[in-house]
Amino acid sequence: MTPASLFDAVLARNRQTAREQPPMNPSMSKPYSPPESAAAQPHSWLDDAQGFLVGTVLSSLGVALFNAGGLMTGGTAGIAFLLHYLTGVGVGLLFFIINLPFFLLAWRRLGGVFAAKSLTSVALMGLMVDVLPRVIEVSAIEPLYAAIAGGLLLGMGILAFIRHGSSLGGINILAVYLQQTRGIRAGKLQMVIDVAITIAAFIMLPPDRVLYSILGSVLLGGVLALNHKPGRYMGV
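What comes next is a walk through the structure.

Parameters and conventions
Residues numbered from 1 in each chain as written. Predicted model: local features only at pLDDT ≥ 70, side-chain atom pairs only at ≥ 80, totals over all residues. Heavy atoms only, no water. 1 Å grid on protein atoms, 1.4 Å probe; cavity = no way out; pocket = protein on both sides within 12 Å on 5 of 7 lines; lining within 4 Å. Points joined across faces, edges and corners; volume = space filled by probe spheres on them. Helix = DSSP H or I, 4+ residues; strand = E, 2+ residues; numbered from the N terminus. Nonpolar A, V, L, I, M, F, W, Y, C, P; charged D, E, K, R; others polar. Phe/Tyr/Trp six-rings, centres within 6.5 Å; stacked < 30°, edge-to-face > 60°. Buried < 20%, exposed > 50% of the residue type's maximum accessible area, 1.4 Å probe, protein only. Salt bridge = Lys/Arg side-chain N within 4 Å of Asp/Glu carboxyl O. Core = buried A, V, L, I, M, F, W, Y, C linked by side-chain atoms within 4.5 Å. Contact = heavy atoms within 4.5 Å. Polar contact = N/O pair within 3.5 Å; in protein donor to acceptor, adjacent residues only side chain to side chain.

1. A short note on the layout of surface pockets
Next, step 1: The computed volume of the second largest pocket comes to approximately 280 Å³.
Next, step 2: If you trace the second largest pocket, you find 16 residues lining it, with A64, N67, A68, P133 and I136 closest to the centre.
Next, step 3: Mapped by element, the contributors of at least two residues to the lining of the second largest pocket are helix 2 (45–68) and helix 6 (112–131).
Next, step 4: Looking at the lining of the second largest pocket, the element that brings in the most residues is helix 2, giving six residues.
Next, step 5: Of the residues in the lining of the second largest pocket, the class split is 11 nonpolar, three polar and two charged.

Structure below.
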């Protein structure tokens, strides 16, 4: 058999095999798209309530660990920490007061529902931070552990608020706004600003505590950057 005839035989066999096979399901060649039942569904008030509870508990525990370790964090919480170390006024109260101006941006740019939810989140967070020392007393903690556990807890708490249409005000509101309008990752922006504010703490805290604080801020921002990507979460 010549090469040409061998080629013709193979080609004929392939055509015959193709005719015998059942037709391919058109959906098999198309990119996967989630069924309609998997489309984003709005959170109920009960969903939001448990989300706010989780966010409040985790965030306040994170702040408590930072405070017990003599650390601080970034954003408006970091400013509240600095003022707390200067004046002795409770971190929770300072945190709430500092965040008030940011709710104007939330109300005008992100909607009244988001602003109201964020105000509720900040109020709950501020209250819990000042009440928590009466419930839990951390007498001794290594700064390294305070930075790691505090950063992760605070990051997961903020994530819970964001995924329920809320935030912890301040830089979080600005970060969510820029993500929605400019496509800038909320987690990355939060990380950059948090590290910058924490560096400013060198004038008040020992250098090692500032370095631990930076580690906590990086972990906090990392939690948001890895877990709050546009289009990944189906709840609204």
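2. Overview of the packing of aromatic side chains
Next, step 1: Taken as a whole and assessed by the stated rule, the structure comprises two aromatic pairs.
Next, step 2: On the numbers, 5.7 Å between centres and 75 degrees between planes, the contact of F52 with F161 is edge-to-face. A residue pair is termed long-range when its members are at least 10 positions apart, and F52 in helix 2 and F161 in helix 7 (residues 143–162) qualify at 109 residues.
Next, step 3: Residue classification places F52 among the buried positions, given a relative accessible area of 10%.

3. Brief notes about the pattern of salt bridges
Next, step 1: In this structure the tally under the stated criterion is two salt bridges.
Next, step 2: Salt-bridge contacts for D208 lead to R209; the nearest nitrogen and oxygen are separated by 3.7 Å.

4. A few points about the nonpolar core
Next, step 1: In terms of nonpolar packing, the biggest core is built from 45 residues, with V63, M72, F95, M125, L154 and I158 touching the most fellow members.
Next, step 2: Looking at which element gives the most residues to this core, the answer is helix 7, with seven residues.
Next, step 3: Not counting residues within four places of it along the chain, the set of residues in contact with M125 comprises T56, S59, S60, V63, F95, L154 and L168.

5. Some thoughts on the side chain of S213
Next, step 1: Tracing the backbone through its elements, the reader meets S213 in helix 10 (residues 207–227).
Next, step 2: Here S213 falls in the buried class, since its relative accessible area comes to 0%.
Next, step 3: Separated by 2.7 Å, the side chain of S213 and the backbone oxygen of R209 make a polar contact.
Next, step 4: The contact partners of S213, leaving out residues within four places of it in the chain, are L71, M72 and T198.

6. Quick look at empty space enclosed by the protein
Next, step 1: Under the criterion given, the structure shown has two cavities of 30 Å³ or more.
Next, step 2: Looking at the second largest cavity, its volume works out to about 40 Å³.
Next, step 3: Every residue lining the second largest cavity is listed: V63, A77, A80, V91, G92, F95, M125 and V129.
Next, step 4: The set of elements that each furnish at least two residues to the lining of the second largest cavity consists of helix 3 (75–87), helix 4 (91–99) and helix 6.
Next, step 5: Element by element, the count of residues in the lining of the second largest cavity is highest for helix 4, at three residues.

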